[in-house]
Amino acid sequence: MTNEELKQLVESNARTAQAMLDAMVEANNERQELQEGTLQLENIVERLTNLQEGMANLLASVDEDRPTIFRKLTAIENKVDRLLAQKQDRQSE
């Protein structure tokens, strides 16, 4: 092998090695971006889970409070009925 051929072979190997290093750096960058995206996605899923849990608790609370709300509405309705009846009694006198 001549000196020129050896020089070309060394240069070719150096370009190949540099291309491999560049590809490795790019792959590492892509992997890091993917890990960051995965973390963001995990955070979003956690927030959605918390939101869903909060909504379930709210609905459970509303279901628990429903009888109380109905009792209060019934009491108000009865009071209005009594007041209307009293007003009608006064007007008929």
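Residues numbered from 1 in each chain as written. Predicted model: local features only at pLDDT ≥ 70, side-chain atom pairs only at ≥ 80, totals over all residues. Heavy atoms only, no water.

**With respect to the overall build of the protein chain**
Turning to step 1, where the next piece is worked out: When helices and strands are tallied, the protein chain shows one helix and zero strands.
Turning to step 2, where the next piece is worked out: Here the C-alpha radius of gyration of the protein chain, 39 Å, is well above what a compact globule of 93 residues would show, namely 12 Å.
Turning to step 3, where the next piece is worked out: Projected onto its principal axes, the C-alpha coordinates of the protein chain cover approximately 130 × 25 × 10 Å.
Turning to step 4, where the next piece is worked out: A buried classification covers 0% of the 93 residues belonging to the protein chain.
Turning to step 5, where the next piece is worked out: Total accessible area on the protein chain stands at roughly 8800 Å², and carbon and sulfur atoms take up 57% of it.
Turning to step 6, where the next piece is worked out: Between the centroid of the 11 positive side chains of the protein chain and the centroid of its 18 negative side chains there is a distance of 17 Å. (Helix = DSSP H or I, 4+ residues; strand = E, 2+ residues; numbered from the N terminus. Rg over C-alpha atoms; globule rule 2.2 N^0.38 Å. Buried < 20%, exposed > 50% of the residue type's maximum accessible area, 1.4 Å probe, protein only. Areas by Shrake-Rupley, 256 points an atom, 1.4 Å probe, with all protein chains shown as cover. Lys, Arg positive; Asp, Glu negative; His and termini not counted. Charge placed at Lys NZ, Arg CZ, Asp CG, Glu CD.)

**Remarks on the UniProt feature "coiled-coil region" (unreviewed entry) in the protein chain**
Turning to step 1, where the next piece is worked out: The UniProt record marks residues 17-93 with the feature "coiled-coil region" (unreviewed entry), using the residue numbering of this structure.
Turning to step 2, where the next piece is worked out: Secondary structure over residues 17-93 splits into 99% helix and 0% strand, and the C-alpha atoms at its two ends are 109 Å apart. (UniProt positions renumbered as here; feature names shortened; annotations may be inferred.)

**Structural notes on the environment of alanine 60**
Turning to step 1, where the next piece is worked out: Turning to its location among the elements, alanine 60 is positioned in helix 1 (residues 3-92).
Turning to step 2, where the next piece is worked out: The spacing of alanine 60 and arginine 71 is eleven residues in sequence and 18 Å in space, taken between C-alpha atoms.

**Some remarks on a negative patch on the surface**
Turning to step 1, where the next piece is worked out: Taken together, the side chains of Asp22, Glu26, Glu30, Glu33 and Glu36 define an acidic patch exposed on the protein surface.
Turning to step 2, where the next piece is worked out: A residue is classified by how much of its surface remains accessible, and aspartate 22, at 44% relative accessible area, is partly exposed. (Patch = residues over 30% accessible without salt bridge, like charges linked within 9 Å, V, L, I, M, F, W, Y side chains within 5 Å. Salt bridge = Lys/Arg side-chain N within 4 Å of Asp/Glu carboxyl O.)

**Side note on a nonpolar patch on the surface**
Turning to step 1, where the next piece is worked out: A contiguous nonpolar patch, built from Ile69, Phe70, Leu73, Ile76, Val80 and Leu84 and spanning about 570 Å² of accessible area, is present on the exposed surface.
Turning to step 2, where the next piece is worked out: On the secondary structure map, isoleucine 69 appears in helix 1.

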